[in-house]
Amino acid sequence: MWGGRFQGGPAEVMEAINVSIDFDKRLAAQDLAGSKAHVTMLARQGIVSKADSEAILQGLDAIGREIAEGTFTFKREFEDIHLNIESRLAELAGPVAGRLHTARSRNDQVATDFRLWVREACERARHGVLMVQKALVAQAEAHTETIMPGFTHMQPAQPVSFAHHCLAYVEMLARDGSRFSDAGQRMNESPLGAAALAGTPFPIDRHQTAQALGFDGPARNSLDAVSARDFALEFLSAATICSMHLSRLAEEIVLWASPAYGFIRLSDAYTTGSSIMPQKRNPDAAELVRAKTGRILGSFVALTTVMKGLALAYAKDLQEDKEQVFAAADALDLALAAMAGMAGDMKPDADAMKRAAEKGFPTATDLADYVVTKLGKPFREAHHIAGAIVKRAEALGVALDQVPLADMRSVEPGLTEDVFKVLSLEASLNSRTSFGGTAPVRVREQIAFWRERLT
């Protein structure tokens, strides 16, 4: 395909390292779209004749049908998706097919194809995030008053609702969705027409091809257009952060589903058994979602490493970009689908959650707040008083609301029977009415907000 400069063929190992058709055939739809936009523009600009343009477009349509039907033969001898399509086009349209490559290079061609593909991957990811959010909001709506322990340092801290916990992940995922949306907008510039690196002397209309392909406009610098891959890195960065969030939720699902916690139950649809232990119900879907983070982060690190030493403009190192992005996108799509399924499938055990929330004196802060409010003590002094009463509860082996009033008054004489009103889990939950708090009244407001926003 590169003409008379070369007379001999490549070494066997050269062919092995150089061929990319095995993975870049995934760009076929984008390559066809770019070629159609390009040849249509060439005809409108009078660079190729209308008859030649129509013959080429018919050939490209035929190739598209062959690929869709699975009858197209991808040949390693033509090394990549671009030359495979161009070769087949020559068979279908004859010598006129050679006019298609006028005023473009494989450099701007692949950069265009890849941007189109990654743009679609951003949109798929954004949709996947939305599905997980909707499943979590549905859980929240059903469990605004289901009490569970809130943890810091993995130690019981304060009671929260299961709804509030679910909505924390909805917030995280919203930021993930916005990152994919932002990345999609930022990459939405067309490299097509940048040619090899310096542009072209042909009177092309890059704004026309950009519009035809749904770009906001053409990239403004031909060197940057063919060599930039930060759009792929930005997708991988967003995918890494998103997968980390999914991994955190997956870890909690693994813990919650264990008999030691017993907070939720997953159905047979998202669990597996053991080859030797008949009693097992393993949360394998959650564990695999948790593990996908390593694959996605690895892709981000790999492509960053490829890019870090490249001078302008194009270098064949850039062939290593696609496998990393394809692998990460596949892993993220699967993880999002699995998490959406699990989030909708899990059945919380409200009684088990409440029993766990009763451990560890979770209303100690409420006691301190009461001392501040009712007795006018500075919070640091109130903190000390509450801590001393917790110590007494530990010595007696009882919950905080079971400590006799006389014992409490030995620590702080100003306490009255009224203090017990703030020491229940329900009282604690309902008291957290600050914006963004776990009180059911606030949580219902957030559910309504997300219901509207996610519609």
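Reference entry: report on the structure contained in this document. (Residues numbered from 1 in each chain as written. Predicted model: local features only at pLDDT ≥ 70, side-chain atom pairs only at ≥ 80, totals over all residues. Heavy atoms only, no water.)

## A word on the pattern of salt bridges
Link 1 in the chain: Following the criterion strictly, the structure yields 29 salt bridges and no others.
Link 2 in the chain: A salt bridge links glutamate 79 to lysine 316, with the nearest nitrogen and oxygen atoms 3.9 Å apart. Pair noted here: glutamate 79 is in the loop between α4 (50-69) and α5 (81-93) and lysine 316 is in the loop between α11 (284-307) and α12 (321-345), with a separation of 237 residues, a long-range link.
Link 3 in the chain: With its nearest N and O atoms 3.6 Å apart, the salt bridge here joins glutamate 189 to arginine 220. In this pair, glutamate 189 is assigned in strand β3 (residues 189-190) and arginine 220 in the loop between β4 (217-218) and α9 (222-227), connecting sequence segments 31 residues apart.
Link 4 in the chain: For glutamate 189, a relative accessible area of 24% puts it in the partly exposed group.
Link 5 in the chain: Judged by relative accessible area, which is 75%, arginine 220 ranks as exposed.
Link 6 in the chain: Salt bridges sharing common partners tie together Glu79, Asp80, Arg106 and Lys316. (Salt bridge = Lys/Arg side-chain N within 4 Å of Asp/Glu carboxyl O. Helix = DSSP H or I, 4+ residues; strand = E, 2+ residues; numbered from the N terminus. Buried < 20%, exposed > 50% of the residue type's maximum accessible area, 1.4 Å probe, protein only.)

## Section: the nonpolar core
Link 1 in the chain: Ranked by size, the top nonpolar core spans 85 residues in total, and within it Leu136 and Phe180 carry the most contacts.
Link 2 in the chain: The leading source of residues in this core is helix α10 (residues 230-257), at 14 residues.
Link 3 in the chain: Ignoring anything within four residues of it in the chain, the contact list for leucine 136 reads Cys166, Tyr169, Val170, Leu173, Leu249, Ala343 and Met346.
Link 4 in the chain: The next biggest cluster of nonpolar side chains, apart from the first, holds 18 residues, and it includes Leu367, Val371, Leu400 and Leu415. (Core = buried A, V, L, I, M, F, W, Y, C linked by side-chain atoms within 4.5 Å. Contact = heavy atoms within 4.5 Å.)

## Observations concerning the packing of aromatic side chains
Link 1 in the chain: One pass over the structure, following the stated rule, counts eight aromatic pairs.
Link 2 in the chain: With centroids separated by 6.4 Å and ring planes inclined at 90°, the aromatic side chains of phenylalanine 114 and phenylalanine 326 adopt a geometry described as edge-to-face. Highlighted residues: phenylalanine 114 in helix α6 (residues 106-142) and phenylalanine 326 in helix α12, separated in sequence by 212 residues. The burial state of phenylalanine 114 is the same as that of phenylalanine 326; both residues are buried.
Link 3 in the chain: An aromatic cluster of at least three residues, connected via ring pairs, comprises Phe114, Trp117, Phe231 and Phe326.
Link 4 in the chain: Taking the ring centre of tryptophan 117 as reference, the NZ or CZ of arginine 124 above it sits at 5.1 Å. (Phe/Tyr/Trp six-rings, centres within 6.5 Å; stacked < 30°, edge-to-face > 60°. Lys NZ or Arg CZ within 6 Å of the ring centre and 35° of its normal.)

## What about the pairing of strand β1 (residues 147-152)?
Link 1 in the chain: As paired strands, β1 and strand β2 (residues 155-161) are joined by six bridges and run antiparallel to one another. Bridge pairing links phenylalanine 151 to proline 156 in β2.
Link 2 in the chain: Here β1 folds back onto β2 in antiparallel fashion, the turn holding two residues, of which histidine 153 has a positive phi close to 60°. (Pairing = 2+ DSSP bridges.)

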